[in-house]
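If you want the building blocks of each chain, they are given just below.
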2 protein chains.
Amino acid sequence: MAEIVTAAMVVIGDEILSGRTKDRNIGHLADIMTAIGIDLKEVRIVPDEEDEIVAAINALRARYTYVFTTGGIGPTHDDITADAVAKAFGVPCEYDAKAYSMLAESYAQRAMDFTDARKRMARMPRGAEHIDNPVSIAPGFRIGNVHVMAGVPAIFQAMLDNVLPMLRTGTKLLSATIQCPFGEGTIGGPLAQIQKAHPDTIIGSYPKYLDGKFWTELVVRARDTAALEAARAEVETMVAGLAKTGQ
Amino acid sequence: MAEIVTAAMVVIGDEILSGRTKDRNIGHLADIMTAIGIDLKEVRIVPDEEDEIVAAINALRARYTYVFTTGGIGPTHDDITADAVAKAFGVPCEYDAKAYSMLAESYAQRAMDFTDARKRMARMPRGAEHIDNPVSIAPGFRIGNVHVMAGVPAIFQAMLDNVLPMLRTGTKLLSATIQCPFGEGTIGGPLAQIQKAHPDTIIGSYPKYLDGKFWTELVVRARDTAALEAARAEVETMVAGLAKTGQ
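As recorded by an unreviewed UniProt entry, chain A carries the name Competence/damage-inducible protein A and is attributed to Allomesorhizobium camelthorni.

Rendered as structure tokens:
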């Protein structure tokens with residue numbers, strides 16, 4: 001019996017919504033989730049506004065197995081993710097003793113002031129557990145099913161690597177890709193019939209447009225190898241048949 | 001008096017959530033909205049599932065001036081955006097006479113069958129207006145404040161260009177960027193004070209990490225030039241002061 005594990009992502013930051021920064025974390029999380037057998041079902045990008053962050057986190061943590069957030073955990077006034085997550089869980093946001101002492105020691109070693117701004121990075125919702133940050137020390141955290149991570153891609157990726165061993169994973173969605181030289185208008189009819197005949201698969205059609213011509217990537221996905229191969233064979237037969245008739 | 005116009009985006013497609021396709025439309029829409037004076041406030045990426053699309057569109061169209069969608073308007077069985085938008089508005093989804101005859105003529109000229117799959121691209125919610133598609137004919141559409149466009153970036157961009165002249169725009173959010181050689185921990189305290197002293201601006205701090213060292217891009221935004229310049233001057237003075245003390 002296939003086990004389904006789901007996830008959602010909240011990307012926090014005005015800079016993504018203004019276009020100033022182009023997100024690189026959504027694609028990375030999507031790739032990793034697919035690779036380990038977790039279905040990423042929804043992503044929301046929200047501004048640096050507490051009510052918006054709280055609403056997104058509460059909506060998604062109730063619906064999906066896991067929630068992953070990026071952004072807003074640095075030391076400046078616009079970094080409000082820890083407060084928002086605490087509010088979403090109805091717990092106080094306070095200095096975490098372990099994070100505080102790790103950061104204090106790190107700055108002392110580097111002969112830098114442990115400023116109030118830097119101390120902000122030791123704040124997390126009461127009861128949260130650390131997500132280690134091998135790049136720049138200041139930890140992310142997990143509370144309930146919500147994993148709070150940095151927005152800087154190198155740090156996000158490192159934190160996510162630390163989270164993965166803790167996640168329950170489902171039956172992987174296997175996939176097979178068939179390159180198809182025809183546009184969707186040509187294959188749409190027969191492809192829909194194959195989908196209907198193989199309800200235990202998800203057949204996707206991704207149009208590509210190059211040099212004035214459409215072609216498609218056809219992707220069959222299933223949690224079961226036999227189901228996948230049966231549908232894949234039919235799709236390949238369809239494409240070969242169209243090639244013969246020169247549609 | 002500054003006028004605020006807002007927007008949200010719904011990106012529709014399993015292929016983005018699986019990581020197979022890396023979205024390039026969010027960043028483009030964000031750039032364009034910022035350039036013309038519309039605040040992009042939220043983005044949701046949802047799967048090819050009718051209920052999810054309906055829920056996202058109804059949540060966002062009620063809250064924001066405009067909603068823009070990408071994806072799911074092609075000819076295959078997984079292209080269900082037109083049906084979902086019709087359902088969201090409580091109107092039937094039906095063949096649009098103008099779109100139908102445009103497509104019929106285009107395929108006839110190219111000596112290609114106007115298949116049932118291709119006919120799907122002429123379906124739209126009753127009462128919708130076309131958004132012209134100069135790339136591949138099949139139109140997008142607008143209904144109410146919702147603009148439904150293609151997911152293929154070249155087509156999305158062309159459709160968006162056609163939509164822009166129809167949009168009401170607000171007072172542009174001006175911005176000034178100050179490169180800062182210090183990490184957020186150094187500037188966090190003084191920057192928060194500047195933000196507090198300039199409530200009519202939005203001051204953002206965007207950490208960059210390169211070769212083991214943090215630096216930041218500081219961005220001051222405001223709808224009023226005088227407000228922008230006053231805050232910018234203070235941020236520049238702060239950075240220069242820190243450089244002198246060699247923090």
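*Asks:* Tell me about the UniProt feature "domain: MoaB/Mog" (unreviewed entry) in chain A, and name the residues and values.
*Replies:* Sites flagged by UniProt as "domain: MoaB/Mog" (unreviewed entry) map to residues 8-170 of chain A. Between the C-alpha atoms that bound residues 8-170 of chain A there is a distance of 15 Å. The span itself is 42% helix and 25% strand.

*Asks:* Just give me the short version of the domain arrangement of chain A, but keep the residues and values in it.
*Replies:* According to the domain assignment, chain A consists of domain 1 (6-166) and domain 2 (174-245). One C-alpha centre belongs to domain 1 of chain A, the other to domain 2 of chain A; they are set 38 Å apart.

*Asks:* Tell me what's going on with the environment of Gly188 of chain A, and back it up with residues and numbers.
*Replies:* Note on placement: Gly188 of chain A falls in helix α8 (residues 184-197). Sequence separation between Gly188 of chain A and Ser205 of chain A is 17 residues; the distance between their C-alpha atoms is 8.5 Å. With near-sequence residues (within four places) excluded, Gly188 of chain A lies in contact with Pro75, Thr76 and Ala117 of chain B.

*Asks:* I'd like a rundown of the relation of the copies chain A and chain B, residues and numbers included.
*Replies:* Structural alignment of chain A on chain B gives an RMSD of 0.0 Å, achieved by rotating through 180 degrees and translating 0.0 Å along the axis. Both copies are brought into coincidence by an operation consistent with a two-fold rotation axis. Taking C-alpha positions as the reference, the residue of chain A nearest the rotation axis is Arg44 of chain A, at 2.2 Å. Looking at chain A, 100% of its interface residues are interface residues in chain B too, so the copies touch through the same face.

*Asks:* Describe unusual backbone geometry, listing the residues and the values that go with them.
*Replies:* Of note in the backbone geometry, Ala111 of chain A takes a positive phi value of approximately 55 degrees without being a glycine. Among the secondary structure elements, Ala111 of chain A is positioned in the loop between α5 (97-109) and α6 (116-120).

*Asks:* Before we move on, can you summarise the nonpolar core with the specific residues and values?
*Replies:* Core analysis: the biggest nonpolar cluster contains 119 residues, and Met33, Leu40 and Phe68 of chain A together with Met33, Leu40 and Phe68 of chain B have the highest contact counts within it. The contact partners of Phe68 of chain B, leaving out residues within four places of it in the chain, are Ala7, Ala8, Met9, Val10, Leu29, Met33, His147, Met149, Leu160, Val163 and Leu167 of chain B.

Cut-offs and rules
Residues numbered from 1 in each chain as written. Chains lettered and ligands numbered in written order. Predicted model: local features only at pLDDT ≥ 70, side-chain atom pairs only at ≥ 80, totals over all residues. Heavy atoms only, no water. UniProt positions renumbered as here; feature names shortened; annotations may be inferred. Helix = DSSP H or I, 4+ residues; strand = E, 2+ residues; numbered from the N terminus. Domains from an automatic or database assignment. Contact = heavy atoms within 4.5 Å. Least-squares fit on C-alpha atoms with pLDDT ≥ 70 in both. Core = buried A, V, L, I, M, F, W, Y, C linked by side-chain atoms within 4.5 Å. Buried < 20%, exposed > 50% of the residue type's maximum accessible area, 1.4 Å probe, protein only.

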